[in-house]
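Single-letter residue listing:
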Amino acid sequence: MKKISIITMLAISVVAGSCRKDSSFLDVPPKQVLPTDLAFSDPALVLSILGDLYDRQRDFSSLDGYPSREYPQSPNGDREPGWRTFADFSEAFPSENGSSFLVQRTGWGYGEWAIWDYGYIRDLNLFIQRATAATKLTEGDKARFIAEARFLRANYYFEMVKRMGGVPLITDPLAYDYSGNVTPLQRPRAKESEVYDFIISEAEAIKSILPADVNQKSRATKAAALAMEARAALYAGSIAKYGATTPQVSLPGNEVGIPSTQANAYYTKALSASQEIINGSAGSYQLYKVLPDLSDNFAAIFLDKSSVNQEAIFVEDFKANGGKVHGFTTNDQPFSMSDEGLDAGRLNPSLNLVEAFEKLDNTYAPIATKDAGGNPVYYTNQLDAFAGRDARLAGTVLLPNGLFKGKRTEVFAGYQLGDGTVISSGDATITQDVPGLGKNIQVVGKDGPVNGLEFRTQTGFYIRKYLDPTVGSGRRGRGSDVNFIRYRYAEVLLNAAEAAFELGQTGTALGYINQVRSRAGLTTPLAALTFDRIVHERRVELAFEGHTLYDMKRWRLATRVWDGAQMSVADLVSNIGSATKHNTQPFGLWPYKYFNPGNPNSGKWIFKEVKPSAVTGANRFQIGNYYSQIGDDILSANPKIVKQPNQ
Amino acid sequence: MKIKFHHIILGLLLATMGCKKDNYDAPSSKLTGRLTYKGAAINVEYNQVPFELYQPGFGKTGAIKGTFQQDGSYSTLLFNGNYKFTIPPNQGPFMWKELASGKRDTLAVTVSGSQTLDIEVTPYYLINNTKITGASKVVTAVFDLQKVITDANAKNIEAVVLYINKTQFVSAGDNQIASTNIAGSAITNMNNVSISVNVPTITPTQNYVFARVGLKVADVEDMIFSPVVKVNY
């Protein structure tokens, strides 16, 4: 009896439980996916969507590297490590045997640097469309979110136009109607100038919507939009002006190449956009002048994340213990003070770059290694060889015997005896006998240099820019959270100077460039300005900030500077400061201890210019490298795309 | 376990069932040839002058790409069919016919079995009668230059360069060991032009080098070369 009642009750509950309407049974809202209207109902949710879009920006150099999302995909699908994105163009030597190809190849493929991520553009267009349609956001939030997405979209088009020239300008999310006809989705390439015009007009349209807040650095601000506009207009102006020297690099439809008549209009826009930041209407931006030591001060621009830093305008931010960190410090810290054993020392600035930093009297000179009679120059301290130079040298490059984390690097390549014999070894732990000094002496520095000994410097220099002195930042587990600065005030000043110079306003240009120079300790103002001076100033101020390739491309200097000719020491030390100086192979400067008892110079240091043995190739930039090749799958999917000039 | 007879039969059956033909044979028709001008071979830099073959009618329109060898020869394996041969714009030290629309002309090629097809082009210049000799660590080249294109498309000589290398690949991009160049403006007589280059110390030692003369035409990236010569010095 009891059993029967239990079964009956069960049966009733089962039957009653199934008595639901179809609609309430089948239409269950998903619990893992937020529907669009819900996602765009709350500013915090919208910000999290926007956060992903911010994270997917592309830079040329990036501290945390980038997945090979671009076209063509890397065959292994691997990630380009951050440090390596700084290592090319003979500005540095890669001290990692797996990356030696950077200095062994004789040029770049036509497809190098190509990107074509219209998936990202579509996501941005969808975001703009959905945010525009949202009803539950306040007008202020909504306007700002849309302006930020438009900034990111313009910035990505800027990144594409730098690499590919004119690309299809798509500003609405394209939808396929499943009709079998894809022709409406196939858009032709815009003119190169049209893409630049789009970037400039977008920046003008959103600048007053974005906040003018100097402390807002990782989200788009008025100053970020203006800095992007100034840089884009400057690039367009110089392509128009200097593109005339390479008539082969153009297409009849102007998808590549800008008519030279437009140069002045672009330069004028670049100057006025820069001046809008300089005159303070976008926030009180200024050069970072905080620390008394000018080199430490220069290094601190990239380390100081506090509100004192009013130089950084727009950055890729990182946060230690917060999930977004990078391994730049781990990969590049000096070997002897590595937090991570064998993980160190990959990015070694080249002597080519070091010699470009001028002396305090505004003249260029190589690091003195020999006197007029051909005898070596002896230095009591290794750092004496670099004294009296632009403070940015020691701020960008960690010199031999340089200070990092309270310790000094130990860089020496061996002992040189009075008779010229050099005693060296393959590693600091392999000792040698030095006659007169003793047996089993350490004869090379713990930090190198030895040819082929990876993770120690092989040029004599370590990188200092972005190198994080925080305790633990060199560990793989913790990582570093130093910012990558995408736009900063010093570049705005240099953009303004270049635009003013090209417009013939040399006085204005000198005013801007001298501000940047005096911050670096070059207190004698320049009295005259030349094109070569501008090229030089951008190289030393903006070294390792991802500008080298784009600058050389827009000035059409790339084919002359990277001409594929092998370099000798004589080439290296001559013509410093010339815009067309060859820079095809990275050199090093190796210190040796001079040991010759009885000689007054015994115990002092001598230096030798060395081409690291791994350097066998020479950079050759070909006409076809000016604009990266468009992949065959893109061309075949869209017959309206015209090929690049040399493709 | 004992292997029984019917196990073997079963195994053989499975094996024979897997013996089906692949759906395609690999391409086997070899198309070869070289760059010529009136029968004379045009020498170019290795792996720098590309050519493209299009086979229309198969959906996607990507090219079959290849590059010319140092002596201007090329070879490619193809399926039988109709192809269009072309050289991309701004490539090669020669003129390639362009259509009125500014597009590159194509050469129709019908491939059925292996065949030879020489590509006739008009170079800007020719390097003739090249004699390269070596003695006491100096390599000297004597040659004549001939300007081929003399109409409105004519271009000046930017430089003439003598390259030497340890290996048979000789050009600016091949890590050559030494080179000497003469600027085009310094050449007054196009006949009997002479350049010499000192041979640096080579490790490991070898008593020969490979040499050839390259001619850089102004505003044209690819150089035109004389044939590679092995020189004892």
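Here the structure is a predicted model, which is why all the values come from computation and not from measurement.

Chemist: Tell me about the overall build of chain B, and name the residues and values.
Modeler: The helix and strand tally for chain B stands at one helix and 19 strands. In terms of overall size, chain B is more extended than a compact globule, its C-alpha atoms giving a radius of gyration of 25 Å where 233 residues would be expected to give roughly 17 Å. Counting over 233 residues, chain B shows a buried share of 39%. Here chain B holds 21 positive side-chain charges and 16 negative ones, and the gap between their average locations is 10 Å.

Chemist: Could you give me a rundown of the overall build of chain A, with the residues and numbers involved?
Modeler: Along its length, chain A carries 21 helices and 16 strands. Summarising its shape, the C-alpha atoms of chain A cover approximately 115 × 80 × 50 Å along the three principal directions. Considering only residue pairs separated by 6 or more positions, chain A has 72% of its internal contacts joining residues 24 or more positions apart. Within the structure as shown, chain A displays about 25,200 Å² of accessible surface, and the carbon and sulfur contribution to it stands at 55%.

Chemist: Provide a residue-level description of the interface of chain B and chain A, including the pertinent values.
Modeler: Taken together, the contact between chain B and chain A spans 18 residues of the former and 20 residues of the latter. Note on chain B versus chain A: buried area summed over both sides is about 1,500 Å², and carbon and sulfur give 30% of it. It is B:Asn90, B:Asn175 and B:Glu221 that lose the most area in chain B upon contact with chain A, and together they represent 32% of the buried surface on that side. Summed over the shared surface of chain B and chain A, the number is three salt bridges. Taking the shortest distance from any N to any O, the salt bridge between A:Asp632 and B:Lys65 comes out at 3.2 Å. Taken together, the connections running from chain B to chain A amount to 11 residue pairs in polar contact (both at pLDDT 80 or more). A breakdown of the residues in the side of chain B that touches chain A according to their chemical character gives four nonpolar, eight polar and six charged.

Chemist: Outline the confidence of the model for chain B, supporting the account with residue identities and numerical values.
Modeler: Mean pLDDT over chain B: 86, with 96% of residues reaching 70 or higher. Both scores are given for the predicted complex: the pTM is 0.89, the ipTM 0.80.

Chemist: Break down helix 6 (residues 118–133) of chain A for me, citing the residues and quoting the values.
Modeler: When the terminal C-alpha atoms of helix 6 of chain A are compared, their 22 Å separation across 16 residues agrees well with the 22 Å that a helix rising 1.5 Å per residue should span. Looking at the buried positions of helix 6 of chain A, the neighbouring elements they touch are helix 4 (43–55) and helix 7 (139–164) of chain A.

Chemist: Requested: an account of the sheet that holds strand 15 (residues 588–595) of chain A, with residues and values cited.
Modeler: All names here are of chain A. Spatial strand order, 10-9-15-16: four strands in an open sheet with mixed pairing. Among the strands making up the open sheet, the edge pair consists of strand 10 (422–423) and strand 16 (605–610). Taken together, the three bridges between strand 9 (residues 415–417) and strand 15 define a ladder with parallel strand orientation. Paired with Tyr415 across the strands is Lys593, a residue of strand 15.

Chemist: Quick one: what's the story with the layout of surface pockets, residue by residue and with numbers?
Modeler: Reported here for the second largest pocket is a volume of approximately 1,500 Å³. Along the wall of the second largest pocket there are 47 residues; nearest its centre are A:Asp563, A:Gly564, A:Ala565, B:Tyr163 and B:Ala172. At the level of secondary structure, the elements contributing two or more residues to the lining of the second largest pocket comprise helix 19 (558–561) of chain A together with strand 14 (157–165) and strand 15 (178–183) of chain B. The element best represented in the lining of the second largest pocket is strand 15 of chain B, accounting for six residues. Of the residues belonging to the lining of the second largest pocket, the class tally is 18 nonpolar, 18 polar and 11 charged.

Chemist: I'd like a description of the side chain of A:Thr457, backed by residues and values.
Modeler: Residue and element names in this part refer to chain A. For Thr457, the location among the structural elements is in the loop between strand 12 (438–442) and strand 13 (462–463). Judged by its relative accessible area of 0%, Thr457 falls in the buried class. Excluding residues within four positions of it along the chain, Thr457 makes contact with Asn348, Val411, Asp447, Gly448, Pro449, Val450 and Tyr462.

Chemist: Talk me through the packing of helix 4 of chain A against helix 6 of chain A; I want residue IDs and the actual numbers.
Modeler: Pairs of packed helices are described in terms of their axes, by the angle between the two and the distance that separates them. All names here are of chain A. Taken N-terminus to C-terminus, the directions of helix 4 and helix 6 make an angle of 160°; their axes are 11 Å apart at the nearest point. Judged on the interaxial angle alone, helix 6 and helix 4 are roughly antiparallel. In this structure, the crossing between helix 4 and helix 6 has a hand that is left-handed. Contacts between helix 4 and helix 6 involve Val46, Ile49, Leu50 and Leu53 from the former and Tyr120, Asp123, Leu124 and Phe127 from the latter. Residue composition of the contact of helix 4 with helix 6, by class: seven nonpolar, no polar and one charged.

Chemist: Describe the sheet that holds strand 6 (residues 81–86) of chain B, and please don't skip the residues or the numbers.
Modeler: All names here are of chain B. A sheet is described by the order of its strands in space; here four strands give the open sequence 4-3-6-8, paired in antiparallel fashion. The two strands at the open ends of the sheet, each matched to only one other strand, are strand 4 (64–67) and strand 8 (107–111). For this sheet, the mean inter-axis angle between neighbouring strands, taken without regard to orientation, is 30°. As paired strands, strand 3 (residues 50–54) and strand 4 are joined by four bridges and run antiparallel to one another. The residue bridging Leu53 from the neighbouring strand is Ile64, located in strand 4.

Chemist: Residue-level account of a nonpolar patch on the surface, with values.
Modeler: Residue and element names in this part refer to chain B. A grouping of Phe5, Ile8, Ile9, Leu12 and Leu13 is seen on the molecular surface, where their side chains present a nonpolar patch of about 520 Å² in accessible area. With respect to the secondary-structure elements, Phe5 resides in helix 1 (residues 5–17). The exposure class of Phe5 is exposed, given its relative accessible area of 64%.

Chemist: So, the pattern of salt bridges: which residues are in play, and what are the values?
Modeler: Residue and element names in this part refer to chain A. Here the structure, examined in full by the defined rule, presents 51 salt bridges over all chains. Of the charged contacts in the structure, one is a salt bridge between Asp343 and Arg476, with a shortest N-O distance of 2.8 Å. A residue pair is termed long-range when its members are at least 10 positions apart, and Asp343 in the loop between helix 12 (328–332) and strand 5 (347–349) and Arg476 in the loop between strand 13 and strand 14 (484–488) qualify at 133 residues. Asp343 sits in the buried class, given a relative accessible area of 6%. Ionic pairing is found between Arg533 and Glu358, a salt bridge with its closest N-O pair at 2.6 Å. Within this pair, whereas Arg533 is found in helix 17 (residues 531–541), its partner Glu358 is found in the loop between helix 13 (351–356) and helix 14 (391–396), the two being separated by 175 residues in sequence.

Chemist: Hey, could you go over the domain arrangement of chain B for me, with residue numbers and the actual values?
Modeler: All names here are of chain B. Taken domain by domain, chain B consists of domain 1 (29–122) and domain 2 (124–232). At the junction of the two partners, domain 1 supplies 16 residues and domain 2 supplies 20 residues. Here domain 1 meets domain 2 over a buried area of about 1,500 Å², counting both sides, of which 57% is carbon and sulfur. The interface formed by domain 1 and domain 2 holds zero salt bridges in total. For the side of domain 1 that touches domain 2, the residue count by class is eight nonpolar, seven polar and one charged.

Chemist: Describe the environment of A:Leu226, and please don't skip the residues or the numbers.
Modeler: Residue and element names in this part refer to chain A. Summarising the element assignment, Leu226 is placed in helix 9 (residues 222–242). Residue classification places Leu226 among the buried positions, given a relative accessible area of 0%. Placed 51 residues apart in sequence, Leu226 and Ile277 show a C-alpha to C-alpha distance of 7.0 Å.

Conventions adopted
- Residues numbered from 1 in each chain as written.
- Chains lettered and ligands numbered in written order.
- Predicted model: local features only at pLDDT ≥ 70, side-chain atom pairs only at ≥ 80, totals over all residues.
- Heavy atoms only, no water.
- Helix = DSSP H or I, 4+ residues; strand = E, 2+ residues; numbered from the N terminus.
- Rg over C-alpha atoms; globule rule 2.2 N^0.38 Å.
- Buried < 20%, exposed > 50% of the residue type's maximum accessible area, 1.4 Å probe, protein only.
- Lys, Arg positive; Asp, Glu negative; His and termini not counted.
- Charge placed at Lys NZ, Arg CZ, Asp CG, Glu CD.
- Contact = heavy atoms within 4.5 Å.
- Areas by Shrake-Rupley, 256 points an atom, 1.4 Å probe, with all protein chains shown as cover.
- Buried area = accessible area lost by both parts, 1.4 Å probe.
- Salt bridge = Lys/Arg side-chain N within 4 Å of Asp/Glu carboxyl O.
- Polar contact = N/O pair within 3.5 Å; in protein donor to acceptor, adjacent residues only side chain to side chain.
- Nonpolar A, V, L, I, M, F, W, Y, C, P; charged D, E, K, R; others polar.
- pLDDT = per-residue confidence, 0-100.
- Expected span 1.5 Å × (residues − 1).
- Pairing = 2+ DSSP bridges.
- 1 Å grid on protein atoms, 1.4 Å probe; cavity = no way out; pocket = protein on both sides within 12 Å on 5 of 7 lines; lining within 4 Å.
- Points joined across faces, edges and corners; volume = space filled by probe spheres on them.
- Axes fitted to C-alpha atoms, helices over the stretch in contact; angles between N-to-C directions.
- Parallel < 35°, antiparallel > 145°, perpendicular 65-115°, else oblique.
- Left-handed = near helix turned anticlockwise from the far one by under 90°.
- Patch = residues over 30% accessible without salt bridge, like charges linked within 9 Å, V, L, I, M, F, W, Y side chains within 5 Å.
- Domains from an automatic or database assignment.

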